[in-house]
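Understanding the architecture of this molecule
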Amino acid sequence: MLDIQKFLGKPKIEVKQDGNVSIFRFGPVPAGVGHSLWNLLRRTLLAYNPAISVTGLKIKEVTHEYSTIDGVKESALLIMLNFKDLRFKGDLSENPLWVTKKFKWIGKYTVKDLDLPAGVEILTDDAYLFEITDPNTEIELSYRLEKGYWYLPIEELKKRELKDMDEETGSEVWTMLIDNDFKIVKNVAYKVDEVIADFTSEPHDWIELKIEPISDKISAKDLLAFAAEIGISYLKTFIFPDAYVDAELFVDADELEDTTSKEVEVKEIKKTPIDSLSGLSERSRNALIKNNIE
């Protein structure tokens, strides 16, 4: 940290919860640092979320996404779009991992009717999948779970295997490719409070970041830590081994005073009468008193 923190005090972080929104307040930091730091984290949080999404779908005896399925209310395309909205968290034994499930009996089916691998948890609770309307209908469905971040385009998926051969029946089972992202954050907002300096302190920023995940099962701290690791890993690249950095201008965080004690000290200084302050010239002291600044 810049050695200006010796005057500002040790930065601290406060975490509050407002429903499903986590609020992180951090500071003080030198003026101008707040916008740079929080904007980097906000953009990274919106773009890169570690999660599990569905990137492929197979339905027995369905050869393409525009097929209709006897005894099922939705077309293959609508079912595929419903699976595209699903989000999960956890660890996969393989990545990607295919999971197969058979559905029978009349009724509406949701994400809770899927057989999930051990260690995988649903984030999009009660997400609707499809409805079987004929008691004689049975669907054998396979979906591909994939763990990642950012966005997986259709071009990348096309490089993978597009169709498999069903060994039991000899019929073709097509993989319906689902271009998907791994986004599990609804919204990220930040604001910077720019504190103007008075005679007792330096100008500084307090920054506030609000993170709203899609589910209360998601830890905003985990998401923020992931974004911070991304930022650190890239910024370290610019610390060239043959570059000179003046270490005298920096200070270790462990050497800084606690911000709370610094604030108490500032409050006490502000209670001190003008007459008792040392370092003021007689002219300055008289001018302050004349203007009722005590």
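What counts as what
- Residues numbered from 1 in each chain as written.
- Predicted model: local features only at pLDDT ≥ 70, side-chain atom pairs only at ≥ 80, totals over all residues.
- Heavy atoms only, no water.
- Patch = residues over 30% accessible without salt bridge, like charges linked within 9 Å, V, L, I, M, F, W, Y side chains within 5 Å.
- Areas by Shrake-Rupley, 256 points an atom, 1.4 Å probe, with all protein chains shown as cover.
- Salt bridge = Lys/Arg side-chain N within 4 Å of Asp/Glu carboxyl O.
- Helix = DSSP H or I, 4+ residues; strand = E, 2+ residues; numbered from the N terminus.
- Buried < 20%, exposed > 50% of the residue type's maximum accessible area, 1.4 Å probe, protein only.
- Phe/Tyr/Trp six-rings, centres within 6.5 Å; stacked < 30°, edge-to-face > 60°.
- Lys NZ or Arg CZ within 6 Å of the ring centre and 35° of its normal.
- Expected span 1.5 Å × (residues − 1).
- Arc of directions from axis to C-beta.
- Contact = heavy atoms within 4.5 Å.
- Axes fitted to C-alpha atoms, helices over the stretch in contact; angles between N-to-C directions.
- Parallel < 35°, antiparallel > 145°, perpendicular 65-115°, else oblique.
- Left-handed = near helix turned anticlockwise from the far one by under 90°.
- Nonpolar A, V, L, I, M, F, W, Y, C, P; charged D, E, K, R; others polar.
- pLDDT = per-residue confidence, 0-100.
- Pairing = 2+ DSSP bridges.
- Core = buried A, V, L, I, M, F, W, Y, C linked by side-chain atoms within 4.5 Å.

**Thoughts on a nonpolar patch on the surface**
- A cluster of nonpolar residues, L2, V245, L249 and F250, forms a patch on the protein surface that exposes about 360 Å² of accessible area.
- As for its position among the elements, L249 is in the loop between helix 5 (220-235) and helix 6 (259-271).
- Take L249: its relative accessible area is 45%, and that puts it in the partly exposed class.

**Points about the packing of aromatic side chains**
- Here the structure, examined in full by the defined rule, presents seven aromatic pairs.
- By the ring-pair criterion, three or more aromatic residues cluster together here, those being F103, Y109 and F130.
- Above the plane of the ring of F103 lies K101, whose end atom (NZ or CZ) is 5.8 Å from the centre.

**Some words on helix 5**
- Across its 16 residues, helix 5 extends 23 Å between first and last C-alpha, which sits within 8% of the 22 Å expected from 1.5 Å per residue.
- All of the buried residues in helix 5 are A220, L223, L224, A227, I230 and G231. Projected onto a plane normal to the axis of helix 5, the buried residues spread over an arc of 120° and lie on a single side. Helix 5 presents K221, D222 and E229 as exposed residues on the side facing more than 90 degrees away from its buried surface.
- Considering only its buried residues, helix 5 is in contact with strand 2 (21-30), helix 2 (33-47), strand 15 (185-195) and strand 16 (204-213).

**Quick word on the environment of P11**
- Structurally, P11 can be placed in the loop between helix 1 (5-8) and strand 1 (12-18).
- With a relative accessible area of 13%, P11 lands in the buried category.
- When the C-alpha positions of P11 and M1 are compared, they lie 9.9 Å apart, and in sequence the two are 10 residues distant.

**Remarks on the packing of helix 2 against helix 5**
- Their axes nearest at 9 Å, the elements helix 2 and helix 5 cross at an angle of 115°. Viewed along their axes, helix 2 and helix 5 adopt a mutual orientation that is roughly perpendicular. Between helix 2 and helix 5 lies a crossing whose hand is right-handed. Contact with helix 2, carried on its side by L40, L41, T44 and L45, involves L223, L224, A227, A228, I230, G231 and L235 of helix 5 and no other residues of that element.
- In terms of residue class, the contact of helix 2 with helix 5 is built from nine nonpolar, two polar and no charged.

**Examining the confidence of the model for the protein**
- Here the protein shows a mean pLDDT of 85. Residues at 70 or above account for 87%.
- Scored below 50 in pLDDT, residues 164-171 makes nine contacts in the model with residues more than four places away or belonging to other chains.

**Regarding the pairing of strand 1**
- Pairing geometry for strand 1 and strand 2, over seven bridges, is antiparallel. In the sheet register, Q17 faces strand 2, and the bridge partner there is S22.
- The antiparallel pairing of strand 1 with strand 2 creates a hairpin that spans two residues between the two strands, and G19 there sits at a positive phi of about 70°.

**Concerning the nonpolar core**
- L57, F83, F130 and L141 are the most contacted members of the largest nonpolar core, which totals 32 residues.
- Every element with two or more residues in this core is listed here: strand 3 (51-59), helix 3 (76-84), strand 5 (97-104), strand 7 (120-122), strand 8 (128-132) and strand 9 (138-148).
- For L57, the contacting residues outside a window of four places in its chain are I79, M80, F83, W98, L141, S142, Y143, W174, T175, M176 and I178.
- Counting residues in hydrophobic clusters, the runner-up holds 24 residues, among them L177, I184, V188 and V192.

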